[in-house]
Amino acid sequence: MKTTLKITAAAAVVLAVGACASKPEPVEQVEEKAPVEVVDNTPTVTEPVDTKPVGPTGPVAGSLEDFRVNVGERVYFDLNGYRLDSDDQEILKRQAAWLESYPAVRILVAGNCDERGTREYNLALGERRASIVKDYLVSLGVNPSRIDTISYGKERPIAAGSDEQAWALNRNGFTQLVSGTTS
Amino acid sequence: MTRILTMLMLAVFMPLSLALPAAAQLQVRVDEGNFKPTPLAIPDFEVRGENAEMAQNIADVVRADLESTGLFDIQNPASFIQKDLSIDVQPRFPDWRIIQTEGLVVGAYEELPDGKIAVSFRLWDVYGGEVMRINGQPGRRLTTTPDNWRRIAHKIADSIYTRLTGEDPYFDTRIVYIAETGPKTERVKRLAIMDSDGANQQYLTPGTNTVLTPRFSPSAQEITYMSYEGGRPRVYLFNIETGRQELLGNFPGMTFAPRFSRDGQSVLLTQAQGGNSEIYLMNLRTRQSRRLTDHPAIDTSPSMSPDGRAIVFTSDRGGSPQLYIMNTDGSPRTCPSGGRDVACRITFNKGQYSTPVWSPRGDLVAFTKQLGGRFYIGVIGIDGKGERLLTESYLDEGPDWSPNGRVIVYFRESRPGAGPQLWSVDLSGRNERRVQTQTDASDPAWSPLLE
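Residues numbered from 1 in each chain as written. Chains lettered and ligands numbered in written order. Predicted model: local features only at pLDDT ≥ 70, side-chain atom pairs only at ≥ 80, totals over all residues. Heavy atoms only, no water.

In the nomenclature of an unreviewed UniProt entry, chain B corresponds to Tol-Pal system protein TolB from the organism Hyphomonas pacifica. For chain B, the Function (unreviewed entry) comment in UniProt is given as "Part of the Tol-Pal system, which plays a role in outer membrane invagination during cell division and is important for maintaining outer membrane integrity." Here is the UniProt Subcellular location (unreviewed entry) comment for chain B, exactly as written: "Periplasm". (UniProt positions renumbered as here; feature names shortened; annotations may be inferred.)

An unreviewed UniProt entry annotates chain A as Peptidoglycan-associated lipoprotein of Hyphomonas pacifica. Quoted verbatim from the Subcellular location (unreviewed entry) heading of the UniProt record, the comment on chain A is "Cell outer membrane". As its UniProt record puts it under Function (unreviewed entry), chain A is described as follows: "Part of the Tol-Pal system, which plays a role in outer membrane invagination during cell division and is important for maintaining outer membrane integrity."

Visitor: So what exactly am I meant to see when it comes to helix α4 (residues 119–139) of chain A here?
Guide: Note: α-helices contain 3.6 residues per turn, so residues at a spacing of three or four share the same orientation. Residue and element names in this part refer to chain A. With 21 residues, α4 should cover 30 Å at 1.5 Å per step; its first-to-last C-alpha distance of 30 Å lies within 8% of that length. In terms of burial, α4 is largely enclosed, as 16 of its 21 residues are buried. One or two steps after α4, the chain reaches Gly-141, where phi turns positive at roughly 105°. (Helix = DSSP H or I, 4+ residues; strand = E, 2+ residues; numbered from the N terminus. Expected span 1.5 Å × (residues − 1). Buried < 20%, exposed > 50% of the residue type's maximum accessible area, 1.4 Å probe, protein only.)

Visitor: Explain the sheet that holds strand β25 (residues 352–358) of chain B here, please?
Guide: Within a sheet, each strand pairs with its neighbour through backbone hydrogen bonds, oriented either parallel or antiparallel. Residue and element names in this part refer to chain B. Spatially, four strands are ordered β25-β26-β27-β28 in an open sheet, and the strand pairing comes out antiparallel. Since the sheet does not close on itself, it has two edges, and those belong to β25 and β28 (388–393), each with one partner. Neighbour-to-neighbour, the strand axes of the sheet open up by a mean angle of 20°, direction not taken into account. Across five bridges, the pairing between β25 and strand β26 (residues 364–371) is antiparallel. Each bridged residue has a counterpart across the sheet, and for Gln-352 the counterpart in β26 is Gln-370. (Pairing = 2+ DSSP bridges. Axes fitted to C-alpha atoms, helices over the stretch in contact; angles between N-to-C directions.)

Visitor: What's the story with the domain arrangement of chain B in this structure? I'm lost.
Guide: The accessible area lost on association of the parts is a frequent measure of interface size. All names here are of chain B. Under the domain assignment used here, chain B contains domain 1 (2–165) and domain 2 (174–446). The distance between the C-alpha centroids of domain 1 and domain 2 comes to 34 Å. Counting residues at the interface gives 16 residues for domain 1 and eleven residues for domain 2. Between domain 1 and domain 2, roughly 1000 Å² of surface is buried when both sides are summed, and carbon and sulfur atoms account for 37% of that area. In terms of surface lost to domain 2, no three residues of domain 1 exceed Val-30, Arg-150 and Tyr-161, which account for 34% of the buried area on that side. Viewed at the interface, domain 2 and domain 1 are joined by two salt bridges. (Domains from an automatic or database assignment. Contact = heavy atoms within 4.5 Å. Buried area = accessible area lost by both parts, 1.4 Å probe. Salt bridge = Lys/Arg side-chain N within 4 Å of Asp/Glu carboxyl O.)

Visitor: Please explain the side chain of A:Asn170 as it appears in this structure.
Guide: Along the polypeptide, A:Asn170 turns up in helix α5 (residues 164–170). Every residue in contact with A:Asn170, bar those within four places of it in the chain, is listed here: A:Asn112, A:Cys113, A:Asp114, A:Pro157, A:Ile158 and A:Ala159.

Visitor: What is the right way to look at the interface of chain A and chain B in this model?
Guide: Between chain A and chain B, the contact holds 27 residues from the first and 45 residues from the second. Contact between chain A and chain B buries roughly 2700 Å² in total, counting both sides, with carbon and sulfur atoms accounting for 51%. In terms of surface lost to chain B, no three residues of chain A exceed A:Arg116, A:Arg119 and A:Glu120, which account for 27% of the buried area on that side. Counting the contacts that link chain A with chain B gives six salt bridges. One salt bridge connects A:Glu115 with B:Lys184, and the closest N-O pair in it is separated by 2.9 Å. Linking chain A to chain B there are 24 residue pairs in polar contact (both at pLDDT 80 or more). (Polar contact = N/O pair within 3.5 Å; in protein donor to acceptor, adjacent residues only side chain to side chain.)

Below, the structure is given as structure tokens:
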């Protein structure tokens, strides 16, 4: 159930960002520090890309777009949960590696909750989620002084719906790049 | 402080004074099981001046206040037989008995030479055939400037309500809340205030920062709330008169879930850092704060008992959000479940419990309960007994008490995707009704009775 929701979640984010991001396993990619030029005839994607071909240039390395598309800016939590499963850990490992490549970048980790909880408890739960994400990034070597945390409780939903799918999207830890990116 | 003492004295002496009058005298019971509203006639007020419209408006507000309790059946003026009422003359009781009026309010509106207005009224017991004395007097006369006319009306309604029910008044009060506009993913939240009947709505903050969970001080002049000002969620004090906002404390991490102590000298709040939330009590004079809870679980939403000796709060230390009570000084308590502990769990039924608010009378805690995809507002005894659910919907959240502890205000999203609205319900569970606001609204908090 959760995996299905996560795939949907990832799909929704991809759709919001643009079609050039349909890489399911970009783990290897983050090692390349040189600007990644995705050449037309050698697509790295493993899925058919018949609808919208990848453009001649991908996101600029070290940019917000690069982080969104090639790393992933959100991890998603179970109902009332604050544990990081293996999918979440993979995303955070990519985030940590990316942050190592771009040491000037500072981040704000926001903890978000769905609307099916009361306001104050959700503020506390969001703080706990943000802290869990921060702790994991620190355990992977990211300097804690580069990471701020904030809880938005249920105040910052990304999906406006009131159904299981929207709630799953809204229970997230969001890594926001606040400074130091290449634009 | 003096006012609090006066209110307490009223609460103590009221039942005595009610027991004394003749058995025939009109009394409205608020807790009766088989309930029937008491017929009450409030004819238009006698006009001694130019502004007949204002006289009419005042009587309308008195009628609306009393009607809103669900305790009274405000009778249709078209059925009235006696048309020549005067505040100086005893009414013809048989005329009112024919239409089965039990209580009759006769009022007079005057314009005074100094530009002020005065409203006098008497409350008649139609079947007892006598005037009902209020604070020992056979009637009341209230004077104010014309712009304050609604408050006169609320005070008259309060006098009548208190005289007939024995309950403390609550109409002359205000409600602070969060006004919400814009789409769900870009919600604008502003601090707003209005009279208890929804009149005189005002916005107190511009909406540039999200603000949440306002609560009144016992003086009704100050509000404590949480704001994302400067990108950090922290607790602030807000002065209603001056509009001045002041950061409360210098905590690392975030602070939220503020609530004044009953004496107004301190604020309870939650501080969260490193994934752990703990409850603090800050003295507003010395600005010293003391940590009350010490547990790796989430501890939040504190509310103090009227005597200040204990707090009720939400904690998930047992695995899910539940309500706990602890002594303010941290000493162990004898728990309802047996045994002694620093914090005693009081909710053991199925479901999740949060947002506890200790009643002004001290015997009950109001809460939000979640169970099976539904949300409920309910009350429970401080001994964990006698849980009663008063409301149910897709989302009912955030109860707060009227200052007399009879009515609970909360917010409701009636169905998925519906914006939040303010509602109120009587402690009996009867008389659920919408409190009108200009925008979507959440996080209501009731003021104390105004001075």
